[in-house]
Amino acid sequence: MKTGITATANGLHSESVRPFLDVTPVLELKRLTKTFGSLTACDAIDAELYPGEILTLLGENGSGKTTLMNMITGLYRPDSGAIFVNGKREDIRTPNDARRLGVGMIHQHFKLVEPFTAQENIILGLPRQRGQSSSMVRADVRALSERYGLDVELDRRVSDMSVSQKQTVEILKVLYRGANILILDEPTAVLTPQEADRLFDILRRMREGGAAIIMITHKLNEVMALSDRVAILRQGRHVATVRKDQTTPEALTEFMVGQKISLNIERPKTARKPLLTVNNLTVRDADGSLRLSDASFSLESGEILGVAGVAGSGQKQLCEAIAGLTAGSGEILLHGRNIAGQSPRRIYDQGVRLGFIPEDRLGMGLVGSMNVVDNLLLRDYRLQRGPFLRRSGAMKRAADLVDRLSIIPPEPLRPVGRLSGGNLQKVLLGRELMSKPELLVTSYVVRGLDVHSSYVIYDLLNEQKRAGVGALFVGEDLDVLLELCDRIMVLCGGRVSGIVEAKDATREMIGLMMTGVSR
Amino acid sequence: MRNYSIRMAQRESMSPLRAAGLRVLALVLALMTGGLFIRLIGFPPLTIYAGMLRGVFGTAISVRETIKLAAPLCVTALGLAVAFRMRYWNIGGEGQMCVGAIAATYFALYHQNLFGAVWPRWLLLVVMALAAIIAGALWGLIPAWFNARHGTNETLFTLMLNYVAMYIIQYLREGPWKNPRDMGYPKIAMFPIDAQLPKVLGVHAGWIIALALVVIVSLYIRYTKQGFELAVVGANPNTARYAGMPVRRVILRTAAISAALCALAGMIKASGADRTLTDGVAGGIGFTAITVSWLANLSPPAIAVVAFLFGVLEKGAGYVQSTYRISASAAGVLQGVILFFVLGSEFFTRYRIIIGRESAYGEHSA
C-alpha cells in the first residue's frame, strides 16, 4: 500500500486527516445516522469540511452519499447525530434552514425556471431589500460572477442556454444566496470534457476565494484532478478520509469496494463478419423536431461500437429506432434484411435476436413491482403454448441468473424495484444475454453503477464480443469508451460528427467532435 | 413543542399475525367509537350491536339475505379488480351493471321463446347471462377504445357513462318497456319464473356464480398469459411495448372483461334479487365495489370475504334501522365509522408512525 494512507481498506474507521489543525471546520458532522426501515443508510458518520478546500465524496451506489447530503441540506432529518456549522451546533430542519446557514446544493437536475432570464432566476424568490434597485442587484451579481470567473449573460433566457451555461447560472444563484458551502452532485455527468474542465477552473477559483466545496462523483479521474481530500463511504459507513496527493486511484477503489480490483478494461481481438448496416436513419419527435439526422454506420459481429456524445444528442432515438420502439426513416439492415419501422414483436417473430438495454431501466425494460422470475418471462412468455403461463422454467433460469451474476440479495422472488442499480442492471443484462442475441444495443449500461459492478458488466460485454455478438455501446465516460470499444461514433445534435478507431483516438479529439467539429 | 416530532416511515413488511391483530384492534376501536355515537343519540349501544348481529346471523333467512346482498357486490368487485390491476380506473361499474341488466331483461321479457319454441329455463338463463356479458363488454369498449387510441381519461369517461346507462333504464321504463298492466304507473314487468335465477340452499344461484368467478378470476390474473400482460401494461406500458406486447389490444381486452363481469353482476341482481328491471338495479353497488376491491388489495379470495363483510354491515344496519327506529342516516354513520377504522388500519400495516423527542447527539432515539 502507498505511504500516507492512514487507514486500511478493511478498517472501519480512520483517524481523519486534518489539513488545518488551527482552523474551525465550516461544517462538521458528528455520528450522523439515518435509517430507512431495516436499512441503515448512514451509520454514525463523522466528517469535517474546511474553508478553502474541495472534498470529494466517493462511494458506490447505496453507500449513503446522497442520504448524507440530504441531511445536510435539510431534506432528511437525521435519526441521531449532530451537524455543526462554523463550530455551532445547528438543527437543519428544512432546505430553508440550510440556505440560511450558507449551504447550497447544485443538483444533477437543475432547478431553474426555463422561460426566465438568468438574472430573474438568480433573484427568484428572494425578498427585495428596501431601497435596492435592480441595477444594484445587477451590480452585485456581476461582481460575484467576475470574482469567480462565472461567465453568464444575465439577460439571456435559460431555455436558450446550453447545459453547461445552465449549470453556471445555478452556481451563481446559489452563491448569490450567500452560500459558502457548496455541494455538487455528479456535476460533470451532463458536460463535455471541455465544459467539465471549465467547471473545474471555476471550482478552483472558488476554493481560492475561501469557499468550501463537497463534490459527489463516481469518476476517479475527476477525484484526482480536483480534490484536496477524499472521503470514502462504504455501506453507510465512513471508511476513510485521505489526502488526494497521498493516494492513488487504485487505493481509492480498494477503499470503496473493500477489495482490490483491476481498473484495466480488455479489448479482445475477434473475428469479424458483417452484421448491421444503418443508412440515412432519421428520427423525429412526436412534435416533429429532428432528433437524429441522417445517421449512417455499420457494425460487425464481434465488434463493440461506442457511441459518444453529450446527453440528448440522439443516442436514445438511435437505440430505440434499432429496437423497433421509435419509427424513423432510412434503412436498418440486419443481415441485409431491413427491420426499420417494424415493431419489437415483428422483429422478434422474424427470428432476429436483438438484445436491448435501455437507458432508463425501470422506465423501460423491467417492471419494478414484479420479481426476477416475471421479469425474465417478459421476453419469452409468448413462446409458451396455450393460454396459461408456466413459471417453472423461468424460475430455474432466475435462480441460475441470480447465482451466476451474484445478484444481491439472492432472492428471485423479490420485486426487482427493490434491488440496487447494479443488481437491477445485472437482471436486465442477464435476461437479454440469455436470449443469445446476435446484436446487443446498450444505452448507458453502467450509469449509476458502482465501480465494481461496472467492471463486471464490461467483462460480460467482452464475453459476448468474443462469442461473436455485435454491440452498440452508448456511453458517457470517455475513458471507458476509449478502452472498451473498437470504434467510437460521436454524435452531436442528432448528427454523426465522425467515427474513429478507438486505439488512435484521444479524449480531446472526441471532446471536440462532441461539440460538432467533424472529422 | 419544537422538540417533539411526528414522522412516518414505510414498513418493510408486517407479519400476518401482527397485521391480523391490528385489524382486530381497529374493529374494537370502531365498535367503541360507534357505541359512543349510539349512546350520544340516545340508544343503548350493546343492545344495538346485539341487534345488528341478530339481524345478520339471527335466522337462516337473515343469513341468506346477507349473502344475497354480497353476491352482486362480489362479482362487481372482481370485475373492477381486473381493470384496476391494469391501473385502468373503471369507475363505471354502476352503468355496466345497468347495461347487463337491460340486455338480460330484453331476453327475459321479450324473447324467451325465440325461433318458435319455448326455451327451457337453463337455456333462457344462459342466454340472459351471455347477453349481459356481451352488452357489458361492448359498453366497456367505448371508453377503452378512446383511452387506447386517444389517451382520454377513463375515470371520467366511465363515470359519465353510469348516468347514460341509468337514464336508458328510465327511458325504457317510461316508454317502450312500460308494463301496460301496471295501470299507468311506470314500471317494467316482473320476470317470468323461468327468467329468475333458481334458488340453491335458499339463496338465488348468484352466490355460486360469484364463488366460481372468484376461482376463475384468480386463475386468470395469476396463471394466464393475458393476466401477465395486463399486469405489465398496468405497471409499465413502455416495458410492455419493449417486450412486444400489443398494448392497445391488452387495454381493450381487459376493459371489456372488466365491464362484462360487472354486467353479469347486473344480470344476477335483476334476475336473482329484483326479479325485474329498475333504475336502482345497481343501487350504488358499482361504487361500493371500488372500496371492496381496494380493501381486498385486488385479490379475488379477499374480495369474496370483504364483500360478505359489507353484506353483514348493510344487513345489520338495515335491521337495527327497522327494529329500533334508528334513522337511516344514523345507521349510515355507524357503517361509516366502522369503515373508517378498518380502512385506517390498512395505513398502519404499511407505515409506522414515529413520535419522539429530537434525539440528542450521539444517541439513538428509537
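One numbering rule holds for all chains: residues counted from 1, following each sequence as written. Chain labels run from A onward and ligand labels from 1 onward, assigned in the order the entries are written. Per-residue local features are limited, in this predicted model, to residues with pLDDT of at least 70; the limit for side-chain atom pairs, both in listing and counting, is 80 or more; totals at the level of whole chains, interfaces and linings are taken over all residues.

## Digging into the overall build of chain A
Strands are runs of DSSP state E lasting at least two residues, helices are runs of H or I lasting at least four, and both sets are numbered from the N terminus onward. A tally of regular secondary structure across chain A gives 16 helices and 20 strands. Whereas a compact globule of 519 residues would reach a radius of gyration of roughly 24 Å, chain A reaches 25 Å, a difference of no more than 12%. Taken along the three principal axes of its C-alpha coordinates, chain A extends 70 × 50 × 45 Å. Exposed residues have 12 or fewer other C-beta atoms within 10 Å of their own C-beta, buried residues have 20 or more, and residues in between are partly exposed; the C-beta atoms are placed from the backbone. Residues counted as buried form 45% of the 519 residues belonging to chain A. Sequence separation of 24 or more characterises 68% of the internal contacts of chain A that already satisfy a separation of 6 or more. Atoms counted for the radius of gyration: C-alpha only. Globule rule: 2.2 Å times the number of residues to the power 0.38. Any two residues are considered in contact once their C-beta atoms, placed from the backbone, lie within 7 Å.

## So, the overall build of chain B
Each helix and strand counted, chain B has 13 helices and four strands in total. In terms of overall dimensions, chain B has C-alpha extents of about 90 × 60 × 35 Å along its principal axes. Relative to its full complement of 366 residues, chain B shows a buried share of 42%. Expressed as a percentage of contacts within chain B between residues at least 6 apart in sequence, the contacts between residues at least 24 apart total 79%.

## Description of the interface of chain B and chain A
Facing 25 residues of chain B, the contacting portion of chain A comprises 29 residues. Within the residue set of the side of chain B that touches chain A, elements represented by two or more residues are β1 (4-10), α8 (225-235) and α9 (237-242) of chain B. Sorting elements by how many residues they give to the side of chain B that touches chain A places α8(B) first, with five residues. In this classification, Asp, Glu, Lys and Arg are treated as charged, Ala, Val, Leu, Ile, Met, Phe, Trp, Tyr, Cys and Pro as nonpolar, and every other residue, Gly included, as polar. A breakdown of the residues in the side of chain B that touches chain A according to their chemical character gives nine nonpolar, 11 polar and five charged.

## Points about the pairing of strand β16 (residues 354-357) of chain A
Residue and element names in this part refer to chain A. Burial along β16 is two-sided: L354 and F356 facing one way and G355 and I357 facing the other are all buried. What makes two strands pair is DSSP finding at least two bridges between them. Inspection of the sheet shows β16 paired to strand β17 (residues 439-443) by four bridges, in the parallel sense. Looking at β17, one finds that G355 is bridged to L440.

## Some words on the sheet that holds strand β9 (residues 229-234) of chain A
All names here are of chain A. Across the sheet, six strands lie side by side as β6-β7-β8-β3-β9-β10; this open sheet has mixed pairing. Of all the strands in the sheet, just β6 (103-106) and β10 (237-243) have a single pairing partner and so form its edges. Strand-to-strand twist in this sheet, taken as the mean axis angle between neighbours without regard to direction, amounts to 20 degrees. The pairing of strand β3 (residues 54-59) with β9 spans five bridges and is parallel. From the neighbouring strand, L58 faces β9, where its bridge partner is I232. Contacts from helix α1 (residues 65-72) reach β3, β6, β7 (181-185), β8 (212-216) and β9 within the one sheet, and its direction differs from that of β7 by about 145 degrees. To obtain an axis, a line is fitted to C-alpha atoms, over the contacting stretch when the element is a helix, and the angle between two such axes runs from 0 to 180 degrees between their N-to-C directions. Against the sheet, helix α6 (residues 193-208) contacts β3, β7 and β8, and its axis sits at roughly 145 degrees relative to β8.

## Points about the sheet that holds strand β4 (residues 80-85) of chain A
Residues and elements named next belong to chain A. The four strands are arranged β2-β1-β4-β5 in an open sheet whose pairing can be described as antiparallel. Each having just a single partner strand, β2 (39-49) and β5 (88-90) make up the two edges of the open sheet. Strand-to-strand twist in this sheet, taken as the mean axis angle between neighbours without regard to direction, amounts to 30 degrees. Direction of pairing for β4 relative to β5: antiparallel, over a ladder of three bridges. Bridging from a neighbouring strand, I83 pairs with E90 of β5.

## Some details on the environment of B:T152
All names here are of chain B. Along the polypeptide, T152 turns up in the loop between α5 (121-150) and α6 (154-174). Linking T152 and I326, residues 174 residues apart in sequence, is a C-alpha distance of 45 Å. Apart from the residues lying within four places of it in its own chain, the contact partners of T152 are F146, N147 and F157.

## Overview of unusual backbone geometry
A positive phi angle, close to 45 degrees, is found at A:R31, a residue other than glycine. For A:R31, the location among the structural elements is in strand β1 (residues 27-36). The exposure class of A:R31 is partly exposed, given the 17 C-beta atoms found within 10 Å. Not every positive phi belongs to a glycine, and B:N297 is a case in point at roughly 60 degrees. The topology assignment puts B:N297 in the loop between α11 (285-295) and α12 (300-324).

## Quick look at the domain arrangement of chain A
Just so you know, the domain bounds were taken from an automatic or database domain assignment. For chain A, the domain assignment lists domain 1 (1-102 + 180-258), domain 2 (112-179), domain 3 (264-353 + 436-519) and domain 4 (370-430). For domain 1 of chain A versus domain 4 of chain A, the separation of C-alpha centres amounts to 36 Å.

## Quick look at the packing of helix α4 (residues 93-110) of chain B against helix α10 (residues 247-274) of chain B
All names here are of chain B. Viewed as axis vectors pointing N to C, α4 and α10 meet at an angle of 55 degrees, and their least axial separation amounts to 6 Å. The orientation of α4 relative to α10 falls into the category oblique. α4 and α10 meet at a crossing whose hand is right-handed. Where α4 approaches α10, its residues G93, Q96, M97, C98, V99, G100, A101, A104, T105 and A108 are matched on the opposing element by A259, C262, A263, L264, A265, G266, M267, K269, A270 and S271. Note on angle classes: values under 35 degrees are labelled roughly parallel, values over 145 roughly antiparallel, values of 65 to 115 roughly perpendicular, and the remainder oblique. Here is the rule for handedness: rotate from the far helix to the near one, and if that takes an anticlockwise turn smaller than a right angle the crossing is left-handed, while a clockwise turn gives right-handed.

## Here's the deal with the packing of helix α3 (residues 60-85) of chain B against α11(B)
All names here are of chain B. Where α3 contacts α11, the two axes come as close as 8 Å, and the packing angle between them is 65 degrees. Relative to α11, α3 is oriented so that their crossing is right-handed. Together, P72, L73, T76, A77, L80, A81 and F84 of α3 and I285, G286, T288, A289, I290, V292 and S293 of α11 make up the contact between the two elements. Among the residues forming the contact of α3 with α11, the class breakdown is 10 nonpolar, four polar and no charged.

## So, the environment of B:L261
Secondary-structure assignment places B:L261 in helix α10. C-alpha separation for the pair B:L261 and B:I133, spaced 128 residues apart in sequence, amounts to 6.7 Å.

## Details of the confidence of the model for chain B
Residue and element names in this part refer to chain B. How sure the predictor is of each residue is captured by pLDDT, a score from 0 to 100. Looking at chain B, pLDDT values average 88 and 92% of them are 70 or higher. Segment residues 358-366: pLDDT under 50, and 21 contacts once partners within four positions in sequence are set aside and those in other chains are kept. Under the prediction, the complex receives an ipTM of 0.81, its pTM being 0.77.

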